[in-house]
Amino acid sequence: MENVMDDTTKEESKPKKKNKKKSISYAKWGYIFILPFFVVYLIFTLVPQITTIVYSFFEYFKDGLDTYGPRFVGFENYIKLFSVSEAGSIMILKCLGNTLIMWVLGAVFQLIVSLVLALFFTSTRLNLKGLGFFKSVFYMPNLIMASAFAFLFYAIFNAIGPVNQMLQAFGWTTQNIDFITTYPWSTRSLVAAMNFLMWFGNTTILLMAGIMGIDESLFEAARMDGASSTRVFIDITLPLLKPILVYVLITSMIGGLQMYDVPHVLTKGLGSPNNTTKTLVMLLNDYLSVRNYGMAGAVAVVLFFVTALLSIIVFKSVSNKE
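Given the structure is predicted, the values throughout are model-derived calculations rather than measurements.

Parameters and conventions
Residues numbered from 1 in each chain as written. Predicted model: local features only at pLDDT ≥ 70, side-chain atom pairs only at ≥ 80, totals over all residues. Heavy atoms only, no water. Core = buried A, V, L, I, M, F, W, Y, C linked by side-chain atoms within 4.5 Å. Buried < 20%, exposed > 50% of the residue type's maximum accessible area, 1.4 Å probe, protein only. Helix = DSSP H or I, 4+ residues; strand = E, 2+ residues; numbered from the N terminus. Contact = heavy atoms within 4.5 Å. Phe/Tyr/Trp six-rings, centres within 6.5 Å; stacked < 30°, edge-to-face > 60°. Salt bridge = Lys/Arg side-chain N within 4 Å of Asp/Glu carboxyl O. Axes fitted to C-alpha atoms, helices over the stretch in contact; angles between N-to-C directions. Parallel < 35°, antiparallel > 145°, perpendicular 65-115°, else oblique. Left-handed = near helix turned anticlockwise from the far one by under 90°. Nonpolar A, V, L, I, M, F, W, Y, C, P; charged D, E, K, R; others polar.

Our next topic: the nonpolar core. Of all hydrophobic cores here, the largest spans 41 residues; its most connected members are Leu81, Met194 and Leu266. Per-element accounting of this core gives the leading share, 9 residues, to helix α14 (residues 293–318). With near-sequence residues (within four places) excluded, Leu266 lies in contact with Ala150, Phe153, Tyr154, Ile180, Thr187, Leu190, Val191 and Met194. Residues Phe121, Phe200, Leu241 and Leu245 belong to the second largest nonpolar core, which totals 11 residues.

Right, here's the structure in full:
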């Protein structure tokens, strides 16, 4: 018995061999996989952003083959931006107003129509079939290039387009009406309509996903208590859908403030009539086309701060606890 105990004690006293097999460092490989994103972001996004902010404080432009600057001028570019032009208006404020008007015209109808369609197609009472087909149809306009949309609307609504021909065929007018270069509200409405058609499908799919993520037992309990469809929407659907609505509003606003291709193609870069459809990015492109990098940088910085301020306002006003 003592020998057995001695052998056991000797075995326990022997140093245990260390496991030479190293464990995999998942954290290390995680950093390696995300490293390309940060490298690309640093080179193609962060550095150009910082450079743009720096150039906004410099006089830096090209005239033919001659380059002037960069020469530090402080806030002179910003003062020029907010100075009254010969036409009696502050161009950057006018472009900001144009951008917000055209975005609101398209975003309001986009949100209303998308919300109605999302409620319609996610209704358990209707239990509609073929949701995948309808999602594809709704999203399809989003796949079409904005420039193609603008060319299509230009061909339809110009002075000799099919809309004018139809109006004259019905005897509603005897003259060609130029909806693009004559009436500000018609041109703005066309831009808003194009933005609506391109993005309402994407918004509908997002809202449908949000509604389908709500627990069905909440709707059943409300119906058992005798709540009407309106009360269910106001008291259950809308509050629980608020995070998706905030996301849709902020992303839509950011995209609206960066509006460029649709009004540019529709008006051939002129912002006609009388600069009533010229957006902030179109103004930025005007300075870039003449290689005035200082003024272009100032416009970009103003656009950044306007976007950040409006995003904070929308987020705070919509995502309150109540």
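All told, the structure shown has 19 aromatic pairs when counted by the stated rule. Ring geometry for Phe57 against Phe75: centres 5.4 Å apart, planes inclined by 90 degrees, an arrangement best described as edge-to-face. Of this pair, Phe57 sits in the loop between α2 (26–55) and β1 (58–63) while Phe75 sits in the loop between β2 (66–72) and α3 (76–81); the two residues are 18 residues apart in sequence, bridging distant segments of the chain. Of the residues examined, Phe75 reaches a relative accessible area of 57% and is grouped as exposed. When the ring of Phe304 is compared with that of Phe305, the centres are 5.4 Å apart and the planes differ by 75 degrees; the resulting orientation is edge-to-face. Residue classification places Phe304 among the exposed positions, given a relative accessible area of 54%. Three or more aromatic residues link up through ring pairs in this structure, and these residues are Phe120, Phe121, Phe138, Phe196 and Phe200.

Another aspect to go through is the pattern of salt bridges. By the definition in use, this model includes 5 salt bridges. Linking Arg71 and Glu59 is a salt bridge whose minimum nitrogen-to-oxygen distance equals 2.9 Å. Of the two residues, Arg71 sits in strand β2 while Glu59 sits in strand β1, which places them 12 residues apart along the sequence. Here Arg231 and Asp235 are joined by a salt bridge, their closest N and O atoms 2.9 Å apart. One end of the pair is Arg231 and the other is Asp235, both in helix α10 (residues 229–240) and 4 residues apart, which spans about a single turn. With a relative accessible area of 45%, Asp235 lands in the partly exposed category.

This part covers the packing of α2 against α14. Look at α2 against α14: their axes get within 7 Å of each other, and the N-to-C directions meet at 115 degrees. By the angle class used here, α2 and α14 are roughly perpendicular. Relative to α14, the crossing made by α2 is left-handed. Across from Thr52, Ile53 and Tyr55 in α2, the residues of α14 making contact are Tyr293, Gly294, Gly297, Ala300 and Val301. A breakdown of the residues in the contact of α2 with α14 according to their chemical character gives 5 nonpolar, 3 polar and no charged.

Interpretation in functional terms is not warranted from these geometric data alone.
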